[in-house]
Amino acid sequence: MRQYLQYLVVERGLAANTIVSYERDLRRYTELVAYRGKGDLGEVTGLDVAEFAAALRAGDEEHPPLAASSAARAVVAVRGLHAFARKQGLAGDDPAHQIAPPATPKRLPKAITVAEVERLLEAAGSTEDPDPRVLRDRALLEFLYGTGARISEATALDVDDLEIGHGAADPAVLLTGKGGKQRYVPVGSYAVRALDAYLVRGRPALAAAATRKASPAVFLNARGGRLTRQGAWGILREASVRSGKRDVSPHTLRHSFATHLLDGGADIRVVQELLGHASVTTTQVYTLVTVDKLREVYAAAHPRAFG
C-alpha cells in the first residue's frame, strides 16, 4: 500500500488531499481483508473486494454508511492498488478489476444568476476603498468569477503567474490545476481592474505586515502570508451573507462562470479548456443546467414549436 501511494504521488502527481483520502480508504480495506484471514494480496478474491464495496454503503459499528461518491472513491483506490500490485509482480491476479464503483447520482452544479453574481461582487467592497483587505476581497472574487479558477488555484497563484500589466495586449493568468496540470486562461477587464487596484494599493500594505521573507502569492492575508483556502472561503462566505445569498459555496463562482459562458453560446470544448477538465464528459454536466435556455431558444425559433 505504501508503494502504491508513493507511486500516486511521484508518478501520477495526485493532490495531497486525494492521497490522504486514498490512504484512509485503503487502511480500512486492508483491515477488513486481514480480519478475513488474508495475509497477502495474492490471497484476496473478487468476493472480498465485492463485500468491501457493499460494506462501504451499509456501514458498520465503527463506520457510518458512505455516500455513493465516497464509496466510489474507495473502490477506485482498491482497484488501483490491485492493478498496481499485479503490474509490479506483487500479485499474480487482479481480483478487483471486475468490481465496478457504485454509480453516483448526477448532480447539477449550483449556479447563480448574473445579477446575483454582481450583487455578490459589490458586497465584497469597492475597488476605490482604502482598506487593503477590501481591495483584496473584491479582487479575489472578481478573479474567481472572471477566470473560473478553483479556489485552491487562486490561493496558489503567484504574482509571476499574472500577465495583466499595461503591456499585456491579452491579459491572462497561468493556473496550476489538479495533478500539476497548467493552463492559460484569459482575464476579463473587470477582474483586471480589480486586480490592478489591489496589486497597486492593497497588496503592498498587506506585504508590509510580513515578519518573514516576502511571499510571492498574489492574495495575502493580514499577516502578509499566503491566503489559505479557508481564508478565501471565509471572504466568499462573508460577501455572500451581505449580498443576501447565503448558500454560495467555494465552487459557486466557478459553476456560474461555466454556465454563463454556455448560456452565452460558448463551445463546450472551449469551456472544458478554461475549466481545466481532463475530459469533456466532466464539463457536459453544465449543459444540463442550460436546458431552460435551450427550451427558450427552441420556442422562439422553431416554426412549429407551437400550434
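No experiment lies behind these values; they were computed from the predicted model shown.

Caption draft 1: Spotlight on the overall build of the protein. Check the secondary structure of the protein and you find 14 helices and 3 strands. Each principal axis of the C-alpha atoms in the protein carries an extent, and together these give about 75 × 70 × 40 Å. Residue burial in the protein is summarised as follows: out of 307 residues, 39% are buried. Considering only contacts in the protein between residues 6 or more positions apart, those separated by 24 or more positions represent 55%.

Caption draft 2: Looking closely at the packing of aromatic side chains. Considering all chains together, one arrives at 6 aromatic pairs under this definition. Summarising the aromatic geometry, the rings of Tyr7 and Phe84 are spaced 5.2 Å apart at their centres and angled 35° between planes, so their arrangement reads as tilted. Pair noted here: Tyr7 is in helix α1 (residues 2-10) and Phe84 is in helix α4 (residues 68-87), with a separation of 77 residues, a long-range link. Classification of Tyr7 by relative accessible area gives partly exposed; the value is 27%. Three or more aromatic residues joined by ring pairs make a cluster, and in this case those are Tyr4, Tyr7 and Phe84. Positioned above the aromatic ring of Tyr190 is the side chain of Arg193, whose terminal nitrogen or guanidinium carbon lies 4.8 Å from the ring centre. The ring of Trp233 has Arg237 lying over it, and the distance from NZ or CZ to the ring centre is 5.2 Å.

Caption draft 3: Quick look at the environment of Leu253. Mapped onto the fold, Leu253 is located in helix α10 (residues 252-263). Here the alpha-carbon distance between Leu253 and Leu144, two residues 109 residues apart in the chain, equals 6.3 Å. Here Leu253 is in contact with Leu120, Leu141, Leu144, Tyr145 and Leu236, once residues within four sequence places are set aside.

Caption draft 4: Quick peek at the sheet that holds strand β2 (residues 172-176). Taken in spatial order, the 3 strands of this open sheet run β1-β2-β3, and their pairing is antiparallel. What marks the edges here is a single partner per strand, and that holds for β1 (162-163) and β3 (182-186). Bridge count between β2 and β3: 5 bridges; the pairing is antiparallel. Across the sheet, residue Thr176 finds its bridge partner in β3, namely Gln182.

Caption draft 5: Spotlight on the pattern of salt bridges. A complete count under the given rule lists 13 salt bridges for this structure. Note that Glu23 is salt-bridged to Arg27, the shortest N-O span being 3.0 Å. Here Arg27 and Glu23 lie together in helix α2 (residues 16-35), a separation of 4 residues that amounts to about one turn. The exposure class of Glu23 is partly exposed, given its relative accessible area of 29%. Overall, the relative accessible area of 42% leaves Arg27 in the partly exposed class. The shortest N-O distance in the salt bridge between Asp131 and Arg133 comes to 3.7 Å. A relative accessible area of 44% means that Arg133 is categorised as partly exposed. Salt bridges here are not isolated pairs; linked through shared partners, they connect Arg36, Lys38, Asp48 and Glu51.

Criteria and thresholds
Residues numbered from 1 in each chain as written. Predicted model: local features only at pLDDT ≥ 70, side-chain atom pairs only at ≥ 80, totals over all residues. Heavy atoms only, no water. Helix = DSSP H or I, 4+ residues; strand = E, 2+ residues; numbered from the N terminus. Buried < 20%, exposed > 50% of the residue type's maximum accessible area, 1.4 Å probe, protein only. Contact = heavy atoms within 4.5 Å. Phe/Tyr/Trp six-rings, centres within 6.5 Å; stacked < 30°, edge-to-face > 60°. Lys NZ or Arg CZ within 6 Å of the ring centre and 35° of its normal. Pairing = 2+ DSSP bridges. Salt bridge = Lys/Arg side-chain N within 4 Å of Asp/Glu carboxyl O.

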